[in-house]
Amino acid sequence: MENGIPDSQNPKPKPRPIVRIGIFIISHNLFFSVICCIGGILALFLLPLMAKNTYISENALMPGSANPMFSRYDTMEANKLVKDIMSMSLKPEETGIEIARLLAQRMEESGVEVYHHKFHEKISQFRPLHFFSDTTYTGLLLQNTSAIHGINTVGIIRAPRGDGKEAIVFVTPYNSTKIELSEALSIGLAYSVFSLLGRVTWLSKDIVWLAADSRYGEYTSVSAWLRDYHTPVFNGPESKENPTTGAGNTDFFRRAGTMAAALVIKVVEKHGETEKDTLSIYAEASNGQMPNLDLINTVHYLAVHTQGLRVKVEKVYTLLNLAWLQVMGQILESVSKVAKSLNSQWKFGMPAAEYVDGTATLASSLYYQALGVPTGSHGAFRDYQVDAVTLEISPRSFLNNEGRRTEFLLRGGRLMESVVRSVNNLLEKFHQSFFLYLMTSPSKFVSVGVYMIAFLLLLVPLPIAAAALYSGANNLGSNLTKDNQVPAFASTAKPGVQKSWRWLHAAKVVFIIHLWATIVSLLPSLINHIPEMTPTNNMFIWASSSIFILLILYSMLGSPYSHPTTSGCQNSEWATLKSVMIAVASIGLGLMSIINYATAQIGAIILVPMCLLVHPLKLTGRSGNSKAFLLVACNLVVAVIGFPPAGLAVIKGWSEGFGAVNVGDFWIWAESLWAWNSATYLYVVLIHFPCWVLCMNILLHPC
Amino acid sequence: MAKMKWYWYWVSTSIIFRLILIYFPNNLNLSSRPEVATPLTSLRRLAEGYWLKQSSISPYSGSMYHGSPLLLAILGPLTVIRFEGQPEHIACSLLFVIADLITAILIRATGQKLHLSYKRSLKSLNVTKLLETSEILSAGDIAALIYLWNPLTIVTCVGMSTSPVENLMIVLSLYGACSRLAPLAAFGWVLASHLSLYPAILIIPVIFLLGYGPDTPPKKLFRQQKSESNGNDLVIQNRFSWRPVVHFILWASFWTVYVLVLCSIYLKQYGGLSEMFKRTHGFILTLEDLSPNIGVLWYFFAEVFDFFRDFFLIVFHVNILFMLLPLAIRLYHRPCFLAFIYIAISSMLKSYPSVGDSALYLALLGWFVYELAEMQFSFFLFCGYVGVTLLSPVMHNLWIWRGTGNANFYYATAMAYACLQIILVVESVSAMLQHDRMLRKQSTT
């Protein structure tokens, strides 16, 4: 496609239609680029409109087909436990172990298997090679009790009708050093459901309850337990113990089957807005992975239709008050009304308020997926391909109110029980519904097939522009060599090589910059080892060493400007460089869209205009009209925003005021990203940043 | 001389780079990648086969090992050598590095021979204008450096796969044929076909090479030139000489018998040669292992109904054979290019392809840089190869580790990869024909 333009020297038959279409598109690339870019951004804003209602795709789930057995008696149990825990928390020096002990005792009384799981605080380390490979874990359970550690209490109900090969997991995080009433309530709720499930006959999957000690953070405890769960130790010191004889031992690590689903249950106190108890669902795991949509649907269906809860998902509240968004919603509404009056079959509109709400939810969904950091401890499960959600239940009244509390516990307990009963019906793991989607409201989603349109429209101008630039540069070059053919042959020019393989030099430059970016991305793992550094200092070291390495690479492998060409060819040199850069950028964005769609989408909004607009300042300076001035201004603005630390500073300054902006901010942000193994870090440093450097190269190109 | 120094500098850095990578095998996990190690070439399977053999069980039992007994005899003892503090299989890795180095040297030598014959034929056609362009860098150097620095080659070399040895045998046979060493050519050809079956089709270019000599422009050009210049004696011989071909056939039969005897001795207690053929070549032809790879066959045969299986197996294998004859007729004057095309086609349609195969043909492409200077879509192909090689592991990760994708995701990259190879083959053949046309125009004017 790149140089599909036939040689003009020899008269040839008409090229094939597909080639002609290619030539047509390439020759009108500016028009197509503008149309596609605008279309892409518009499509992004139309996504809430194109959202579909969720539906339960897996028939085996059958939510709400049975009446819940959870009764007031169970809530009394829960209340009793809550009281016990709260009375215990008055004696502060002992709580760490006492709650775990109490829980183990209660569980043992109801006749299930119990053990304690000890774990250390996870030291966040930067391991650049472990982004995609499975981490090699040494698989040693914690043995020494001397060091400070957290204690998870785990109970397992063996299913009377199952074969012990599958399990459903509850997680209730609580802070063992300072327990709150809400945490105690969540433990009480889980305990009452758990003890009920210990008595029922219909269970076909084991139930595991993990009361996670969140003194080092919720995620740490859950991920430590999951790691030990999935790495069996075969010849450790505890192999002396027989699993059957170790029944009374509460330190023996026990397992159930593979996990079908996991529910993280939290109770929080949020007040105000509503008449109903609210259920917030958090689902984003690391790198924008989501649990199967069926799990969210089941929870949503049961919460709304059987328990009468109000279900929420996270949204960006600042967007709700934006005037232009509301105007847009109104425009869309009126357009849909007009369309409906023309043909009553066309139903695509939605009320303006709903549109704004959907956009806010979509924005939050995009943001959390793009960040690549899990929104809760459910994220740990996704690393083992287990579908998990966090259910955050908040009552409408104060938790201290005992009468209300019972009602609230009854609702929550029934919800949990019916979710378990539904998941219990599963014959295989969740696979029926979507994994790749964005939520626009608790009951609406945009699937991958729809949101990819917005991204692809944004991405399409890149290959077109690359092809246009490449063929343009090639034609220009060949014209030039044709013009001075005689001297070219006399000198050491190499017309044969230049014709088709001229891009090789540009490819070398692009390769060097990307190689450099790879080194830059690995530098923090070295800088991390320097003790006692502030983020600002780290940032300075990072930046200066990066520039130093860039200079070394230039001196070793040649800077982009030192290519010995005949002066005539230099005009096309920057164009070739730009086309190679754009091609690489489109490959990078395409890759990222598969790893983490949201990052790629947000990145494309910045990267695509930057790549398309960039034009050597000298060339634009020469023409000197208002259009050129506009181009220069656009270039400079995009160049500033495109520089990742500057972009971050702008966003931070915009949201928190420019006084709060600090040089070390980028370091802190990057640190948080690699602590969570977020691919967003890789995107920013390996794709976005080298593209920005190359854009700077082109801007300052001496042509 | 400066050029030579520069060349060896890059060769040694590539070797050092490999040695560095060998020390981080656990971090890279390359040996378990489906792109690198196929059931035929995986060294882990070879180690398993060797272990079975050591415990007096047939190395082919349990469908683990499917390679040649000779490899087992040579590489097997190396797999069990352990050094304190060194990564596993270090001896094998070093062997592969050496194999890569020898391959590169042979590619360079062959490239120089091709270059000489190219220059000679251009001179005899009086097209000296093109000669100046080809003086900058020898095509052999370029090809060797492409082979050594191609990331695919490096990945194959570091990733514990026996492909470097197979590639070495193929290049050895081409080198032997180019320098008219019939025994060497026959040895390379027999071993390459023994190891991976598909190089057997290279017998056609090898015979052309032995019969006509290295690549030249079309023969009729010389005849024209001859008639114009009235019997000026030409350096190029354009008669098919049967002597080296007969030599080659005799030597090939000798080496075949030799290899088979060695194999039968090695496998005497375990079913002998019939078992070997069933488990190696039979395994290639019947496509028993449907685990994902970068080829297009596994998915197709996972989906196809069992009673159509034989039919489609025949269709797919005959597909390669169908292309042999037309290409041979059209390109018989350029046997090395023909060999390149054959290798590219077979690496596209073979049952268990790996990136090692593409590493070989991409390097051989370097032999023809000056002939293919006008090749279209070079940039597109380059971007395509970069994109697909990066996309394929990501799709695999999405399917196998994250569980959010499915087999179609991974297979899509395999299809894109096959399309790229088709474009490469089509474009390079048409560029070569265009080059011949251009030569004709230049020599007649």
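Thresholds applied
- Residues numbered from 1 in each chain as written.
- Chains lettered and ligands numbered in written order.
- Predicted model: local features only at pLDDT ≥ 70, side-chain atom pairs only at ≥ 80, totals over all residues.
- UniProt positions renumbered as here; feature names shortened; annotations may be inferred.
- Helix = DSSP H or I, 4+ residues; strand = E, 2+ residues; numbered from the N terminus.
- Rg over C-alpha atoms; globule rule 2.2 N^0.38 Å.
- Buried ≥ 20, exposed ≤ 12 C-beta atoms within 10 Å, placed from the backbone.
- Axes fitted to C-alpha atoms, helices over the stretch in contact; angles between N-to-C directions.
- Parallel < 35°, antiparallel > 145°, perpendicular 65-115°, else oblique.
- Left-handed = near helix turned anticlockwise from the far one by under 90°.
- Contact = placed C-beta atoms within 7 Å.
- Nonpolar A, V, L, I, M, F, W, Y, C, P; charged D, E, K, R; others polar.
- Pairing = 2+ DSSP bridges.
- Core = buried A, V, L, I, M, F, W, Y, C linked by C-beta atoms within 7 Å.
- Expected span 1.5 Å × (residues − 1).
- Right-handed = clockwise from strand over helix to strand, strands pointing away.
- Domains from an automatic or database assignment.

The name an unreviewed UniProt entry assigns to chain B is GPI transamidase subunit PIG-U, from the organism Papaver atlanticum. Reading the Pathway (unreviewed entry) entry of the UniProt record for chain B gives the comment "Glycolipid biosynthesis; glycosylphosphatidylinositol-anchor biosynthesis." Per UniProt, the comment on chain B under Subcellular location (unreviewed entry) is "Endoplasmic reticulum membrane".

As annotated in an unreviewed UniProt entry, chain A is Glycosylphosphatidylinositol anchor attachment 1 protein from Papaver atlanticum.

Visitor: Describe the overall build of chain B, listing the residues and the values that go with them.
Guide: Check the secondary structure of chain B and you find 21 helices and zero strands. Its C-alpha atoms give chain B a radius of gyration of 22 Å, near enough to 22 Å, the size a compact globule of 445 residues would have. Taken along its principal axes, the extent of the C-alpha atoms in chain B is 70 × 50 × 45 Å. Looking at chain B as a whole, 48% of its 445 residues qualify as buried.

Visitor: If you had to explain the packing of helix α5 (residues 181–197) of chain A against helix α12 (residues 402–424) of chain A to someone new, which residues and values would you point to?
Guide: Residue and element names in this part refer to chain A. Two elements in contact, α5 and α12, have axes whose closest approach is 10 Å; the angle formed by their N-to-C orientations is 50°. Of the possible angle classes, the one that applies to α5 and α12 is oblique. Considering only the axes of α5 and α12, their crossing is right-handed. Only Leu409, Gly412, Gly413, Met416, Glu417 and Val420 of α12 make contact with α5, whose side of the interface consists of Leu189, Ser192, Val193, Leu196 and Leu197. Looking at the contact of α5 with α12 residue by residue, the class counts come to seven nonpolar, three polar and one charged.

Visitor: Talk me through the sheet that holds strand β7 (residues 278–282) of chain A; I want residue IDs and the actual numbers.
Guide: All names here are of chain A. On the basis of which strands lie adjacent, the open sheet formed by eight strands has the order β2-β3-β5-β4-β6-β9-β7-β8 and mixed pairing. Strands with a single pairing partner mark the edges of an open sheet, and in this sheet they are β2 (113–119) and β8 (310–313). On average, adjacent strands in this sheet sit at an angle of 25° to one another, irrespective of strand direction. Pairing of strand β4 (residues 166–174) with strand β5 (residues 206–213) involves eight bridges; the strand directions are parallel. Paired with Val169 across the bridge in β5 is Val208. Its contacts with the sheet place α5 against β3 (150–157), β4, β5 and β6 (258–267), and it is angled at close to 140° to β6. Relative to β6, α12 is tilted by about 170°, and along the sheet it contacts β4, β5, β6 and β9 (387–394).

Visitor: Describe the packing of helix α3 (residues 43–54) of chain B against helix α4 (residues 69–79) of chain B, listing the residues and the values that go with them.
Guide: All names here are of chain B. Their axes nearest at 9 Å, the elements α3 and α4 cross at an angle of 95°. Here α4 runs roughly perpendicular to α3, going by the angle between their axes. Between α3 and α4, the residues in contact are Leu43, Leu46, Ala47, Gly49, Tyr50 and Lys53 and Leu71, Leu72, Leu75, Gly76 and Thr79, respectively. Classifying every residue of the contact of α3 with α4 gives seven nonpolar, three polar and one charged.

Visitor: I'd like a description of the UniProt feature "transmembrane region" (unreviewed entry) in chain A, backed by residues and values.
Guide: With numbering aligned to this structure, UniProt lists the feature "transmembrane region" (unreviewed entry) at residues 21–47, 448–470, 509–527, 539–557, 577–595, 601–617, 629–651 and 681–700 of chain A. From the first C-alpha to the last, residues 601–617 of chain A spans 28 Å; its make-up is 82% helix and 0% strand.

Visitor: Pulling in residues and values, what's your account of the nonpolar core?
Guide: Counting residues in hydrophobic clusters, the biggest one holds 292 residues, and the most contacted among them are Leu210(A) and Cys611(A). The residues touching Cys611(A), leaving out its near neighbours within four places in the chain, are Leu462(A), Met581(A), Ile582(A), Ala585(A), Cys691(A) and Cys695(A).

Visitor: Give me the lowdown on helix α20 (residues 378–402) of chain B, citing residues and values where you can.
Guide: Between its first and last C-alpha atoms α20(B) spans 35 Å; for 25 residues at 1.5 Å apiece the expected length is 36 Å, and the two agree. Gly403(B) sits one or two residues past α20(B) and shows a positive phi near 75°.

Visitor: Can you break down the pairing of β8(A) residue by residue, with the values?
Guide: Residues and elements named next belong to chain A. Burial along β8 is one-sided: Val311 and Val313 are buried, while Arg310 and Lys312, pointing the other way, are not. With four bridges joining them, β7 and β8 adopt parallel strand pairing. Bridge assignment links Leu279 to a residue of β8, and that residue is Val311. What joins β7 to β8 is helix α7 (residues 293–306), and the crossover it makes is right-handed.

Visitor: How would you sum up the domain arrangement of chain A? Please name residues and give values.
Guide: Residue and element names in this part refer to chain A. For chain A, the assigned domains are domain 1 (17–49 + 453–699), domain 2 (64–120 + 142–313 + 375–442) and domain 3 (315–373). Each side of the interface is counted separately: domain 1 has ten residues, and domain 2 has five residues. Among the elements that line the side of domain 1 that touches domain 2, the one with the most residues is helix α20 (residues 597–613), at three residues. Of the residues that constitute the side of domain 1 that touches domain 2, the class distribution is six nonpolar, four polar and no charged.

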